[in-house]
Amino acid sequence: MAQMPSFHSLRHINLVSLLLCLAYCACTTAGSIYIGKSSSAPPKNYNISEVGINRLFNIFNAISIIATTYGNGIIPEIQATMAAPIQGKMFKGLLVCYSVVITTYFTVGISGYWAFGNQITFSKALTRTLLSQPTNVVLERRFADPKKDEFSTRNLVPRLIFRSLSIVMATTIAAMLPFFGDIMALLGALGFIPLDMIMPMVFYIVTFKPCKKSIMFWGNTIIAVVATVLAVVGSVASVRQIIIDAKNYRLFANV
């Protein structure tokens, strides 16, 4: 899949992935409901185990993970702000994207927590998302020949080499670190919160220069300031959690 030359060439695979995602979430939700209602259901404890400063850091850690989870739509978000007719099509795609994300994540999260309580663990399924495509484009602009066809030997060989190396490196790092949720929190705090909730607000104010007495100015400013605080505190919380978990786990641990 990494050898696909562009986003457009991934459209059929994306459709299959969407259907499989919906099926997986439906099975997971049904399984949680079945287990939760069965006579052999595990004891449920909905109390929050952490107290004090640990609870506070965990809250910001969770916010960063949520930012990563819902940040999957960042590419159609950007494309939905382009000129027509792309804007209308991508806005519809963005609505579908968040409809699927909200439906699947909420049903799995709510049913899983209802069935297992606070004993439910973070899913360690490791995925390499479409966000790797921009990195591939940067590499191929440097090592490929734009004058030749994308499937020519001159361009196919560099793509095969660099994308394969990228996959190997990403898979190795993911396998090394058993606390994948902490890495997601760090990515959310340093990447998705600034990209989704800080930079768009700042760019809007700089570009359109709304009146400083208007709701648009203060609304965007408040969102940017609050998101900045979340990004800073979330970064500290995620790094702290990585250090704590690094003491309990070893590299390539089978957890």
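Residues numbered from 1 in each chain as written. Predicted model: local features only at pLDDT ≥ 70, side-chain atom pairs only at ≥ 80, totals over all residues. Heavy atoms only, no water.

You'll find the chain entered in an unreviewed UniProt entry as Amino acid transporter transmembrane domain-containing protein, with Heracleum sosnowskyi given as the organism. In its Subcellular location (unreviewed entry) section, UniProt records this for the chain: "Membrane". (UniProt positions renumbered as here; feature names shortened; annotations may be inferred.)

Visitor: When you look at unusual backbone geometry in this model, what are you seeing that I'm missing?
Guide: Residues other than glycine predominantly adopt negative phi, and peptide bonds predominantly adopt the trans conformation. Unlike most non-glycine residues, Lys209 shows phi in positive territory, near 45 degrees. With respect to the helices and strands, the residue Lys209 is situated in the loop between helix 7 (180-208) and helix 8 (215-248). (Helix = DSSP H or I, 4+ residues; strand = E, 2+ residues; numbered from the N terminus.)

Visitor: Whenever I open this one, the side chain of Ser111 confuses me. Can you help?
Guide: Along the chain, the position of Ser111 falls in helix 4 (residues 86-116). Judged by its relative accessible area of 8%, Ser111 falls in the buried class. In terms of polar contacts, Ser111 uses its side chain to reach the backbone carbonyl oxygen of Thr107, at 2.6 Å. Leaving out residues up to four positions away in the same chain, Ser111 has contacts with Thr29, Ser32 and Ile33. (Buried < 20%, exposed > 50% of the residue type's maximum accessible area, 1.4 Å probe, protein only. Polar contact = N/O pair within 3.5 Å; in protein donor to acceptor, adjacent residues only side chain to side chain. Contact = heavy atoms within 4.5 Å.)

Visitor: What am I meant to see in the state of the cysteines here?
Guide: Simply put, the disulfide is a covalent bond whose two ends are the sulfur atoms of two cysteines. Within this structure, the stated rule accounts for 0 disulfides. Distance from the sulfur of Cys25, which forms no disulfide, to the nearest cysteine sulfur (Cys21) is 4.2 Å. Cys25 gets classed as buried once you look at its relative accessible area, which sits at 8%. (Disulfide = S-S within 2.5 Å.)

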